[in-house]
Amino acid sequence: MTSSGLSRRKLLQLSGISTLGALAGCASPLPGTDDGGGRAVTPRPTVTADPDTSVSLTATSGTIRPASDTSTTTWLYDGQYPGPELRVQEGDVLSVELANDLQEETTIHWHGIPVANPVDGVPNVTQEPVASGDTYTYKFRAEPAGTYFYHSHVGLQLDRGLLGPLIVEERDPHVEYDREYVVVLDDYLSGEPRLPSDGGMGGGGMGGMMGDVRPPYEGLLINGKLPENPPTFDVTEGDRVRFRFVNASSATVFGVRIAGHEMSVTHADGQPVEPVEADSFVFGAGERYDVVVEATNPGRWFVQANALDGNEPPARAVVEYESTDGLITPQPPSSSSNRLQYGDLRARSSLDGVSGDPDRTFDLTLSRGRNQSYTWTIDGQAYPDADPLQIRPGEHVRIRMTNQSPVVHPMHLHGHFFQVGNAIKDTVIVPGHRGQVTLDFHADNPGRWLFHCHNLYHLDAGMARVVEYVE
């Protein structure tokens, strides 16, 4: 083990990912989809109130420079990568006009926020995609508070750079802090994203441990910068610093540490938890963690994020105390001894409507397609040729997942939060090799919602279902 990073096998052992299945609930089987169909339920209406904040975003082609000697032309929001930070107060009405200057259709999905179904941004599920040259306005009430992000939900566009952070500020935070930084993690693809079945990934040692191929990433990024050009987070001794970590990657599970400092984890997927101390955490694509760090160790220190499923050098940023000489070499983190696990998370408030036994249970198997093509399935079906999961308004719904593949799957449910263990989240890693996870949610947001793996390539290769309200 080197000082610059843990081995991936050791990182997995320390992460507790291999034991996440312990969170899976044990409930007796209940009827699943045998409802004989039903009439679709009308979604709740979109917001009609005047917006408190109005924003225009243009999806366009542009050049990024993640390091001084590295550049590539890709797709961006407003020519920025990551896209502009959107920041509003909890409960405010946000209006975002998307102008599509690309040569392809696109959308925006507001990851983690339970918006009304018509503005969720999933092409051909909640809206028609926005054609080249057209505009589309999304308007919704930004609640609850939390760390979220926005991104295209069309094809493989997320891996071109169409993403940005969305922060909904609490009116009364449950933790005190003096300053904050948003930390967006991503994987850097310099070429056009393509599925392996289209000749886009040759593996090249990029995914051997996880039993899958990953795109030929040229590096890992923090706030759009490669490790040779790390961003700097300035702190003052004595500050309490809040870091909002967002895994906006397309195919990377990250293990995160801050050298020289303990982290107090305060939020999971934007939702407040009882603060829990850790020196590292693991999160999959789509997950977010907020942590508070006490700035009591002057110097220059690396924030480091290792890919558990790749062999790229770790993404890095630098925490720099104002009293420190900028010529001092930043110190790398030591090995992890207190890694956060899902079982450590305790939500500060319960999720309404999920107590007791569920009204409906789905037992789902996640697996690789059986043919030779690059296909990922849920219960043997590849989206869009897959049956919807039908539920009724007001139900307590349980989804039990068993992962028959060797690859971890970060599963994301649109339009809802769910309970997993004692945490409230919207994205959860299901470990490989028959790993099991159970999630429970309240059917309180009618519409047609995507439930899918947030590994972009697994999603595009079929690992998704539509959760459909019927009556």
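The residue numbering used here restarts from 1 in each chain and proceeds along that chain's sequence as written. Since the coordinates come from a predicted model, pLDDT governs what is reported: local features require at least 70, and pairs of side-chain atoms require 80 or more to be given and counted, while whole-chain, interface and lining totals use all residues. As a rule here, side-chain values come from all non-hydrogen atoms in the structure, and water together with hydrogens is ignored.

### Here we look at the sheet that holds strand β8 (residues 163-169)
The line we're drawing: By this definition, two strands are paired if DSSP reports at least two bridges between them. Each helix is a run of H or I in the DSSP string that is no shorter than four residues. Each strand is a run of E no shorter than two, and both are numbered from the N terminus. Here the axes come from fitting lines to C-alpha atoms, over the contacting stretch only for helices, and the angles between their N-to-C directions go from 0 to 180 degrees.
Read from one edge to the other, the open sheet built from four strands follows the order β3-β8-β7-β5, with strand pairing classed as mixed. Looking at which strands have only one partner, the edges of the open sheet turn out to be β3 (86-89) and β5 (109-111). Each strand axis lies, on average, 25° off the axis of its neighbour in the sheet, ignoring direction. Across four bridges, β3 lies against β8 in parallel orientation. Among the inter-strand pairings, Arg87 is bridged to a residue of β8, identified as Ile167.

### Quick notes on the sheet that holds strand β29 (residues 448-453)
Taken in spatial order, the five strands make up an open sheet running β22-β30-β29-β24-β27, and their pairing is mixed. Single-partner strands in this sheet number two, and they are β22 (389-391) and β27 (427-430). Ignoring which end each strand starts from, the neighbouring axes of this sheet average 20° apart. For strand β24 (residues 409-413) and β29, the ladder comprises three bridges, and the chain directions are antiparallel. Bridge pairing in β29 places Leu413 opposite Phe451.

### A word on unusual backbone geometry
Trans is the common state for peptide bonds, and a negative phi is the common state for residues other than glycine. To keep it simple, the criterion reads: Burial status follows relative accessibility: with a 1.4 Å probe on protein chains alone, a residue under 20% of its type maximum counts as buried, one over 50% as exposed, and anything between as partly exposed.
A cis geometry characterises the amide bond from Glu143 onward to Pro144, with omega recorded as -5°. Residue position: Pro144 is located in the loop between β6 (135-141) and β7 (146-151). Along the chain, Tyr383 connects to Pro384 via a cis peptide bond; the corresponding omega equals 10°. Among the structural elements, Pro384 can be located in the loop between β21 (376-378) and β22. Look at Asn223: it is not a glycine, yet its phi comes out positive at around 50°. On the secondary structure map, Asn223 appears in the loop between β10 (219-222) and β11 (232-235). Residues other than glycine seldom take positive phi values, yet Asp269 does so here, at roughly 50°. Judged by its relative accessible area of 0%, Asp269 is buried.

### Looking at the pairing of strand β1 (residues 53-67)
Looking at chain direction, β1 and strand β4 (residues 93-100) are connected through seven bridges and run parallel. By the bridge assignment, Thr53 is partnered in β4 with Leu94. In the sheet, β1 pairs with strand β2 (residues 70-77) via seven bridges, with the strands oriented antiparallel. When the sheet's bridge partners are listed, Ala59 is paired in β2 with Tyr77. Hairpin connection of β1 to β2: two residues between the antiparallel strands.

### Focus on the nonpolar core
Put simply, the rule reads: The nonpolar core is taken to be a set of buried Ala, Val, Leu, Ile, Met, Phe, Trp, Tyr and Cys residues, with the residues joined through side-chain atoms within 4.5 Å. Contact definition: two residues touch when any of their heavy atoms are within 4.5 Å.
Ranked by internal contacts, the top residues of the largest apolar core, which has 95 residues, are Phe243, Phe245, Leu345 and Met401. A per-element tally of this core places strand β9 (residues 179-188) first, with six residues. Setting aside residues no more than four positions away along its own chain, Leu345 makes contact with Val265, Ala268, Val273, Val276, Tyr289, Leu340, Asn422 and Ala423. Membership of the second largest hydrophobic core comes to 29 residues, among which are Val88, Val354, Phe417 and Ile424.

### What to know about the side chain of Asp120
Put simply, the test is: Here a polar contact is taken to be a pair of N or O atoms separated by no more than 3.5 Å, where protein atoms must pair a possible hydrogen donor with a possible acceptor and residues adjacent in sequence count only if both atoms sit in side chains.
In this structure, Asp120 sits in the loop between β5 and β6. Here His414 takes part through its side chain, which lies 2.7 Å from a polar atom of the side chain of Asp120. Discounting chain neighbours no more than four positions away, the residues touching Asp120 are Ile108, His109, Trp110, Val115, Thr126, His414 and Trp449.

### Re the side chain of His454
If you trace the backbone, His454 turns up in the loop between β29 and α2 (456-460). Within the structure, the side chain of His454 is placed 3.5 Å from the side chain of His151, a separation counted as a polar contact. Residues contacting His454, with those up to four places away along its chain left out, are His111, Phe149, His151, Leu158, Ser250, Ala285, Gly286, Pro410 and His412.

### So, the environment of Val407
Position of Val407 among the secondary structure elements: in the loop between β23 (396-403) and β24. On the basis of relative accessible area, Val407 is assigned to the buried category, the value being 4%. Considering only alpha carbons, one finds Val407 and Arg368, 39 residues apart in sequence, at a separation of 9.2 Å.

### Overview of the packing of aromatic side chains
Working definition: an aromatic ring pair is given by the centre-to-centre distance plus the angle between the planes. Worth spelling out the cut-off: Side-chain rings of Phe, Tyr and Trp, where Trp is taken by its six-membered ring, are said to pair if the distance between their centres is within 6.5 Å; with planes under 30 degrees apart they count as stacked, over 60 as edge-to-face, and otherwise as tilted. Lysine NZ or arginine CZ positioned within 6 Å of the ring centre and within 35 degrees of the ring normal marks a charge as sitting over the ring.
Applying the stated criterion to the full structure yields 14 aromatic pairs. Their ring planes at 65° and their centres at 4.7 Å tell us that Tyr136 and Tyr138 sit as a pair that is edge-to-face. Overall, Tyr138 belongs to the buried group, its relative accessible area being 0%. For the pair Tyr181 and Phe243, a centre-to-centre distance of 6.0 Å together with 25° between the ring planes defines the contact as stacked. Residue Tyr181 is located in strand β9, and its partner Phe243 is located in strand β12 (residues 240-247); the two are separated by 62 residues in the primary sequence. Exposure remark for Tyr181: the relative accessible area of 19% places this residue in the buried category. Exposure remark for Phe243: the relative accessible area of 2% places this residue in the buried category. Grouped by ring-pair contacts, the aromatic residues Tyr181, Phe233, Phe243, Phe245, Phe281, Phe283 and Tyr289 constitute a single cluster. Across from the ring centre of Trp75, 3.7 Å away, lies the NZ or CZ of Arg160, which sits over that ring. The ring of Phe302 is capped by Arg316, whose NZ or CZ atom sits 3.9 Å from the centre of that ring.

### Looking at the layout of surface pockets
Operational definition: Think of a 1 Å grid over the protein atoms and nothing else: a 1.4 Å probe that fits but is trapped marks a cavity, an open set flanked by protein within 12 Å on at least five of seven lines marks a pocket, and residues with an atom within 4 Å of a point count as lining. Grid points are joined across faces, edges and corners, and a volume is the space filled by probe spheres set on the points. Three categories are distinguished: nonpolar for Ala, Val, Leu, Ile, Met, Phe, Trp, Tyr, Cys and Pro, charged for Asp, Glu, Lys and Arg, and polar for the others, with Gly belonging to the last.
Its boundaries defined by the atoms lining it, the largest pocket holds a volume of some 400 Å³. Looking at the lining of the largest pocket, its residues break down into seven nonpolar, seven polar and four charged.

### Section: the confidence of the model for the chain
Basically, it comes down to this: What pLDDT reports is the predictor's confidence in each residue, on a scale of 0 through 100.
Counting all residues, the mean pLDDT for the chain is 90, and 89% of those residues have values of 70 or more. For residues 1-35, every residue scores under 50 in pLDDT, and the model assigns this stretch 87 contacts once sequence neighbours within four places are set aside. Taken together, the stretch residues 202-210 has pLDDT below 50 and engages in 21 contacts with residues farther than four places along the chain or on a different chain.

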